[in-house]
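Observations on chain architecture
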Amino acid sequence: MKKLFALLLAVVMVLSLAACGEKKDDTTVENKYNTKTPGVLTVATSPDYAPYEFYAIGEDGSAELAGFDIALIKYIAEYLDVELEIIPMDFDGVLLELANGSVDLGVAGISPDPDRANSMDFSDIYYEGGQAFITVESKADMFTDLASANNPDISVGAQNGTIQMDLAQQYSADADIVTLTKATDIIAELVSGKLDGGYVEYDVAVAYKANYPELHIVCEVPYEVEGNAVGVKKGNEALLAGVNEAIAACIEDGSFSKFVADALEQASGNIYEGLLEDK
Ligand code: ARG
C-alpha cells in the first residue's frame, strides 16, 4: 500500500512538473508585450550621461552600468516580468536602432522631440530636467549669458543626434560647432581647452562638475520639450502601455526618487568615460 502511494505521489509530481513546464511555454509563446525576443526586453542605452546612465567603477576596478535610467529599466523589466538585455552604444545609435525596430526600447535621457515622433513612440515623462550651456572656470568671464555663446571666435561642442545639437545651432549659430559622438567627449575637450563651450542636459552638467570642479555652468538654455521619456519601438502599443504603467508605479512607490539620489551619489565617485570596448 505504502509503495502504491509512493508511486502515485511520484506520478502526481511528474504530472505537475509537466504542467509547470507547459505553463511557462505558454506565457513565452504568448509574448504579451510583442518584444523582439519573446520574454526578453531588448534595450539600447548610451552610458556617457551621468546621472542618467554611465559606467561606475567598483572597488575592484570593474566597470558596471549605473544611473537612474538603468535602475528604471530594471524596475520596468521586473514589473513586466520579462528578462532584460541592455545594449550599450552611442546616442545616435540608440535613435537608429529604435527607428530600425531592432530594439524594443531606448533609455538614454531621451527628450520627446516631436521631430523623432515618426521613428519612435514616447513613454510618459519620467524625469523633468532642463538644458545648460557650460564652459570651464578659466573661461567663465567670456560668457555672461546665452547671447555670449553666439560668437564666431569660439568653438562649441554638442553630442551627435541630440537636441543639444539643435540648441547649438539655434543659440551658437555663429560659433564653430563641433559634433562629438559621446557627451563625455564634450567634458574632456572642455577640460583640455579644445572647446570653449558645450550644450548638455542641466543635471548632466551638475553630475560631471562633481568629478571636474573646473567645469562652469553658464546658464540654463530654453527648450520647449522639457523632460525625458523612454523611447518605444514605433507601434508597439502593448509595450508602451506596460512601460507607462511601470513608470507610474515606480514614481508612485517612491523608487524613482531613490534611483535619482543613488545615481547622483554614485556619479560623484569614479566614472568610466566611454564604452567598455574602448578600453
Ligand atoms: N536629451 C537629449 C536628446 O534626447 C540628449 C540625450 C543624450 N543621451 C545620452 N545618453 N548621451 O537629444
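Here the structure is shown first, and the text comes after it.
This write-up is about the structure you can find in this document. (Residues numbered from 1 in each chain as written. Predicted model: local features only at pLDDT ≥ 70, side-chain atom pairs only at ≥ 80, totals over all residues. Heavy atoms only, no water.)

Brief notes about the overall build of the protein
Helices and strands together make up the secondary structure of the protein, namely 8 helices and 14 strands. Sequence-distant contacts in the protein: of pairs separated by 6 or more residues, those separated by 24 or more amount to 73%. Looking at the protein as shown, the accessible area adds up to about 13,500 Å², and 54% of this sits on carbon and sulfur atoms. (Helix = DSSP H or I, 4+ residues; strand = E, 2+ residues; numbered from the N terminus. Contact = heavy atoms within 4.5 Å. Areas by Shrake-Rupley, 256 points an atom, 1.4 Å probe, with all protein chains shown as cover.)

Some remarks on a negative patch on the surface
The grouping of Glu128, Glu220, Glu224 and Glu226 at the surface amounts to a negative patch. Examined against the element boundaries, glutamate 224 turns out to sit in the loop between strand E12 (215–221) and strand E13 (228–233). Given a relative accessible area of 70%, glutamate 224 falls into the exposed group. (Patch = residues over 30% accessible without salt bridge, like charges linked within 9 Å, V, L, I, M, F, W, Y side chains within 5 Å. Salt bridge = Lys/Arg side-chain N within 4 Å of Asp/Glu carboxyl O. Lys, Arg positive; Asp, Glu negative; His and termini not counted. Charge placed at Lys NZ, Arg CZ, Asp CG, Glu CD. Buried < 20%, exposed > 50% of the residue type's maximum accessible area, 1.4 Å probe, protein only.)

Quick look at the pairing of E12
By the criterion of burial, E12 is predominantly enclosed, with 5 of the 7 residues buried. Where strand E8 (residues 131–136) lies against E12, 6 bridges are found, and the strand directions are antiparallel. Note that in E12 the partner of threonine 135 across the bridge is histidine 216. (Pairing = 2+ DSSP bridges.)

Here's the deal with the nonpolar core
Across soluble globular proteins, nonpolar side chains show a tendency to be buried alongside one another. Phe68, Ile76, Leu105, Tyr126 and Phe256 are the most contacted members of the largest nonpolar core, which has 52 residues in total. Discounting residues that sit within four places of it in the chain, phenylalanine 256 has contacts with Phe68, Leu72, Tyr126, Tyr127, Cys250 and Ile251. Formed by 19 residues, the second largest nonpolar core is a distinct cluster that contains Ile163, Ala175, Val218 and Tyr223. (Core = buried A, V, L, I, M, F, W, Y, C linked by side-chain atoms within 4.5 Å.)

So, the site of the ligand
Taken together, 15 residues form the shell around the ligand, and within it Asp48, Gly109, Ser111, Arg116 and Ile163 come nearest. Interatomic distance of 2.8 Å between a backbone N/O atom of alanine 108 and a nitrogen atom of the ligand. When the free accessible area of the ligand is taken as 350 Å², the share hidden by the protein chains comes to 100%. If you list the elements that add at least two residues to the shell around the ligand, you get strand E2 (48–49), strand E6 (105–110) and helix H4 (163–171). Per-element accounting of the shell around the ligand gives the leading share, 3 residues, to E6. Per-class residue counts for the shell around the ligand are 5 nonpolar, 6 polar and 4 charged. (Near = heavy atom within 4 Å. Polar contact = N/O pair within 3.5 Å; in protein donor to acceptor, adjacent residues only side chain to side chain. Nonpolar A, V, L, I, M, F, W, Y, C, P; charged D, E, K, R; others polar.)

Observations concerning the sheet that holds strand E9 (residues 155–159)
Taken in spatial order, the 5 strands of this open sheet run E10-E9-E11-E8-E12, and their pairing is mixed. Looking along the sheet, the strands with just one partner apiece sit at the ends: strand E10 (176–180) and E12. Within the sheet, the average angular offset between the axes of one strand and its neighbour, ignoring direction, is 30 degrees. Each of E8, E9, E10, strand E11 (197–201) and E12 touches H4; the most contacted strand, E11, lies at about 140 degrees to it. (Axes fitted to C-alpha atoms, helices over the stretch in contact; angles between N-to-C directions.)

Let's talk about the pattern of salt bridges
Taken as a whole, this structure holds 6 salt bridges when the rule is applied. Where aspartate 90 meets lysine 182, a salt bridge forms, and the shortest distance between an N and an O atom there is 3.3 Å. Note that aspartate 90 is positioned in the loop between strand E5 (83–88) and helix H3 (91–100) and lysine 182 in the loop between E10 and helix H5 (183–191), a separation of 92 residues in sequence. The partner of glutamate 137 in a salt bridge is lysine 209, with the nearest N and O atoms 3.5 Å apart.

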